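# Descriptive structure summary
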Amino acid sequence: MEEIRGTEALEREILEDARKRADRIIRKAEENARLLGAQTEHRIKEAKAALLSEYQIKKRTAELEMLSRLPLEKARLDILYRDEILRKALKEALASMNPRLFGLWCVKRLVCQVELVRKSPAKVLVHGLDSETMRDIGALFGQGSDISIEEAPTMKVRGLIVEPMDASYRISITENDLLEWLLDEKRGELAAALFGSSD
């Protein structure tokens, strides 16, 4: 019996020893888990702080970039607005322009190209020009020339277009051409008159 008691005591000792070892392992594991949790929490806080800092830097950079572009964007919009107003004012002025004055401008421009036009048969298509201007154009080429002058109601703007039969060139002298010429050559003066001097 003593052997059984000795075996039971040994068994209890082994179990007690195993329980103590298990407790130590569990405590160690819990301590490691707490340390790991604390380290993880610390890493999360560091990562969060780093991301927040990076976000703040990017946000500030974007704000500064946007603020640096504002003056350029404002200037661009101002130029677009002034160009639109100038074009509108010029179109209105040209629409109300004395037909004879516009006709004289057309004839003057055509005189500069008359030698080219006389070299080959051509059509002069006209639209919206007064009768005096039509006579002036006819007088430029004279009777019996290979130049025909025709009214072209399909033209969208007032003026004339010269088209030779061999299609070697095309001369356009219209309200649109006058508008573009004024914008190219006299934009500064016209803008100063319309918006005031920028001095």
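The structure presented is a predicted model; accordingly, all values stated were derived computationally and were not measured.

### Quick look at the nonpolar core
If you look at the biggest cluster of nonpolar residues, it comprises 28 residues, and the most contacted ones within it are Leu110, Val117, Val124, Ile137, Phe141, Leu160 and Val162. Put simply, the parts of the chain that give this core at least two residues each are helix 1 (2-95), helix 2 (99-118), strand 1 (122-127), helix 3 (131-141), strand 3 (159-164), strand 4 (171-174) and helix 4 (175-195). Setting aside anything within four residues of it in sequence, one finds Val117 in contact with Ala122, Phe141, Ile147, Val162, Tyr169 and Ile171.

### Let's talk about helix 2
Most pronounced at Cys112, the bend in helix 2 amounts to some 55°. Among all positions in helix 2, only Phe102, Gly103, Trp105, Cys106, Val107, Leu110, Val114 and Val117 are buried. Looking at the buried side of helix 2, the elements it contacts are strand 1, helix 3, strand 2 (147-151), strand 3, strand 4 and helix 4. You can read the cap of helix 2 off the contacts: a side-chain oxygen lies 2.7 Å from the backbone nitrogen of Arg100, and it is on Asn98.

### Focus: the packing of aromatic side chains
The tally for this structure, following the rule as stated, stands at one aromatic pair. Sitting over the ring of Phe102, Arg158 keeps its end group 4.4 Å from the ring centre.

### Concerning the pattern of salt bridges
A full pass over the atoms with the stated rule returns 16 salt bridges. Of the charged contacts in the structure, one is a salt bridge between Glu73 and Arg76, with a shortest N-O distance of 2.6 Å. Residue Glu73 and its partner Arg76 are located together in helix 1, separated by three residues, close to a single helical turn. Assessed through its relative accessible area of 34%, Glu73 is described here as partly exposed. By relative accessible area, Arg76 is classed as partly exposed at 42%. The residue Glu180 makes a salt bridge to Arg87 at a minimum N-O spacing of 3.1 Å. Taken together, the residues span a long stretch of sequence, with Glu180 in helix 4 and Arg87 in helix 1 at a distance of 93 residues. What makes Glu180 partly exposed here is its relative accessible area of 34%. Three or more residues are tied together by salt bridges with common partners; here these are Asp83, Arg87, Glu180 and Arg187.

### As for the environment of Glu189
Along the chain, Glu189 turns up in helix 4. The class of Glu189 is exposed, set by a relative accessible area of 56%. Sequence separation of Glu189 and Glu31 is 158 residues, and the distance between their C-alpha atoms is 86 Å.

### Description of the sheet that holds strand 4
The mixed open sheet is built from four strands, whose spatial order is 2-1-3-4. Since the sheet does not close on itself, it has two edges, and those belong to strand 2 and strand 4, each with one partner. Averaged over neighbouring strand pairs, the angle between their axes works out to 15° when direction is ignored. Pairing analysis gives six bridges linking strand 1 to strand 3, with the strands arranged antiparallel. Within strand 3, the position partnered with Leu125 by the bridge is Ile161. Helix-sheet contacts for helix 2 involve strand 1, strand 2, strand 3 and strand 4, and the interaxial angle to strand 4 is about 170°.

### As for the environment of Glu8
You can see Glu8 is positioned in helix 1. Judged by its relative accessible area of 39%, Glu8 falls in the partly exposed class.

### Here's the deal with a nonpolar patch on the surface
On the surface, a nonpolar cluster with roughly 400 Å² of combined accessible area is contributed by Leu64, Met66, Leu67 and Leu70. Mapped onto the fold, Leu70 is located in helix 1. Here Leu70 falls in the partly exposed class, since its relative accessible area comes to 47%.

Calculation criteria
- Residues numbered from 1 in each chain as written.
- Predicted model: local features only at pLDDT ≥ 70, side-chain atom pairs only at ≥ 80, totals over all residues.
- Heavy atoms only, no water.
- Core = buried A, V, L, I, M, F, W, Y, C linked by side-chain atoms within 4.5 Å.
- Buried < 20%, exposed > 50% of the residue type's maximum accessible area, 1.4 Å probe, protein only.
- Helix = DSSP H or I, 4+ residues; strand = E, 2+ residues; numbered from the N terminus.
- Contact = heavy atoms within 4.5 Å.
- Bend = angle between axes of the 7 residues up to and from the residue.
- Polar contact = N/O pair within 3.5 Å; in protein donor to acceptor, adjacent residues only side chain to side chain.
- Phe/Tyr/Trp six-rings, centres within 6.5 Å; stacked < 30°, edge-to-face > 60°.
- Lys NZ or Arg CZ within 6 Å of the ring centre and 35° of its normal.
- Salt bridge = Lys/Arg side-chain N within 4 Å of Asp/Glu carboxyl O.
- Pairing = 2+ DSSP bridges.
- Axes fitted to C-alpha atoms, helices over the stretch in contact; angles between N-to-C directions.
- Patch = residues over 30% accessible without salt bridge, like charges linked within 9 Å, V, L, I, M, F, W, Y side chains within 5 Å.
- Areas by Shrake-Rupley, 256 points an atom, 1.4 Å probe, with all protein chains shown as cover.

By themselves, these observations are geometric and do not establish any function.
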